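A structural walkthrough
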Amino acid sequence: MRIVISEFMDRPAVDGLASRFDVHYDKDLVDRPPELAARLADADALIVRNRTQVDAALLSAAPKLRVVGRLGVGLDNLDTDACARRGITVIPASGANAQAVAEYVIAAAMLLLRGAYFATADVAAGRWPRAALSGGRELAGRTVGLIGFGGIGRLTGGLARALGMRTIGSDPLLPASSPAWAADATRACTLDELLREADVVSLHVPLEAATRNLMNAQRLAIMKPDAMLINTSRGGVVDEAALADALREGRLGGAALDVFEREPLPAASPLAGCPNLLLTPHIAGVTRNSNERVSSLIASKVAAALASA
Ligand SMILES: NC(=O)c1ccc[n+]([C@@H]2O[C@H](COP(=O)([O-])OP(=O)(O)OC[C@H]3O[C@@H](n4cnc5c(N)ncnc54)[C@H](O)[C@@H]3O)[C@@H](O)[C@H]2O)c1
C-alpha cells in the first residue's frame, strides 16, 4: 500500500511507516501541485500539515485514497464533506500539540502584561527606560477569558490557574450545566460577559461560519482598554483591520497573533507597525517535542486505518 506525505513529518515516524508501506515523502511536494496530483494516482493514504489543500480537485486525482492523516488539529484545509462522501477517513492529531499551544498562550500573556521585554534595543543602546516600563502587571490575580473550551482551551486554563489566574470561558456548544466547567474551576459566561471581564482573552475555536470575524470591531470595543487579545486558533476569527485600529488608537492593551487571514501575512497588512503587538508565523503548536508526538501519533493511526481497511 502506498502513502504520500506532502509536507514536513518527523524522520523516525516516516521511517517507521516506510518499513511497512511504500512511502513517498517529500516535504516540498505541496509546492508542486501537478506532481502532487500525479503522485496521488495510486495512493491509499495522504499525510499533510496545513498547507496542502485537500479539496474536491485533489481528491479527484486520488481515486484509491482511503485515509488522510493531518499533522495538526484544524481541518479547514480539508474538504471533510467531500472526504466523507468518498468514504475517506480523516485523522487529525488531536491533543498532540495542545501543550505547545497552551505554553505559547501563557508566554504571550506574560510578555504582553509585563511589557518590559520590548526594551532590548533601548537598553543595548545605553538608554534606561525603567520608569516607562514600571507599569507592568503580574499574571497572578488577573482573569483569562477562554473563547472555546475544548482541548487547548482547557489545558491553557490549567496552566493559567497554576500561575494564580482566574479562568472564565465561553463555549456555546458546552452548556453551563456541563460538569466540564466545574471540573476545571472555570466559570461559564456569555461572550459579552467574558469580553467585559477578562484581562487576557484567548481564542481556541475552530474556523467556521459562526466564528469568522468573531472578534470584530464591535466585540473588540467591549474589551477592557488595557486587556490583551491572543489568537492561536485560526486567522479569520479576528478582524485584523479592526484590531490594528484598536491598537493604534490605544483602545486595547496589546495582542499576540500566531495565525492570520492570509498566511504568510502580506507585507502591506494593517497590522504592520502596530504598538504592543507580537506576531509569530503559525508556530504556537510547533515545537521539537510536539513535532515528534504529532508525527508518531499520525503514523500509528494511519498505519492502523490502512491495516483495518
Ligand atoms: N496555532 C497553532 O499552531 C495551532 C495548533 C493547534 C490547534 N490550533 C487551533 O486551535 C483551535 C482549537 O483547537 P482544540 O484542539 O482546542 O479544538 P477542540 O475541538 O478541542 O475545541 C474547540 C472548542 O471550540 C468550541 N466552539 C465552537 N464554536 C464556538 C464558538 N462560536 N464560540 C466559542 N466556542 C466555540 C467547541 O465547542 C470546542 O469546545 C483550532 O482552531 C485549531 O485549529 C492552532
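Residues numbered from 1 in each chain as written. Predicted model: local features only at pLDDT ≥ 70, side-chain atom pairs only at ≥ 80, totals over all residues. Heavy atoms only, no water.

**Brief notes about helix α5 (residues 98–114)**
- A rise of 1.5 Å per residue sets the reference length of α5, with its 17 residues, at 24 Å; its end C-alpha atoms lie 24 Å apart and thus fit the reference within 8%.
- Of all the positions in α5, only Ala 98, Ala 100, Val 101, Ala 102, Tyr 104, Val 105, Ile 106, Ala 108, Ala 109, Leu 112 and Leu 113 are classed as buried. (Helix = DSSP H or I, 4+ residues; strand = E, 2+ residues; numbered from the N terminus. Expected span 1.5 Å × (residues − 1). Buried < 20%, exposed > 50% of the residue type's maximum accessible area, 1.4 Å probe, protein only.)

**Regarding the nonpolar core**
- Formed by 30 residues in total, the largest nonpolar core has its most connected members in Ile 147, Met 215, Met 223, Leu 229 and Leu 243.
- Elements represented by at least two residues in this core include exactly α9 (191–197), β9 (200–203), α11 (240–248) and β11 (254–257).
- Considering every element that reaches this core, the biggest residue donor is α11, with 5 residues.
- If we ignore the near neighbours within four places in the chain, the residues touching Met 223 are Leu 195, Val 201, Met 215, Met 228, Leu 229 and Leu 252. (Core = buried A, V, L, I, M, F, W, Y, C linked by side-chain atoms within 4.5 Å. Contact = heavy atoms within 4.5 Å.)

**Digging into the domain arrangement of the chain**
- Domain boundaries assigned for the chain yield domain 1 (2–96 + 288–308) and domain 2 (98–279).
- The centre of domain 1, based on its C-alpha atoms, is set 32 Å off from the matching centre of domain 2.
- Approximately 430 Å² of surface area, both sides summed, lies buried where domain 1 meets domain 2, with 42% of it carried by carbon and sulfur atoms.
- It is Asp 76, Gly 95 and Arg 293 in domain 1 that bury the most area against domain 2; as a group they hold 57% of the surface buried on that side.
- Taken together, domain 1 and domain 2 are joined by 1 salt bridge.
- In this structure, Asp 76 and Arg 234 form a salt bridge, with 2.9 Å as the shortest nitrogen-oxygen distance.
- Where domain 1 packs against domain 2, one counts 2 residue pairs in polar contact (both at pLDDT 80 or more).
- Among the residues forming the side of domain 1 that touches domain 2, the class breakdown is 1 nonpolar, 4 polar and 3 charged. (Domains from an automatic or database assignment. Buried area = accessible area lost by both parts, 1.4 Å probe. Salt bridge = Lys/Arg side-chain N within 4 Å of Asp/Glu carboxyl O. Polar contact = N/O pair within 3.5 Å; in protein donor to acceptor, adjacent residues only side chain to side chain. Nonpolar A, V, L, I, M, F, W, Y, C, P; charged D, E, K, R; others polar.)

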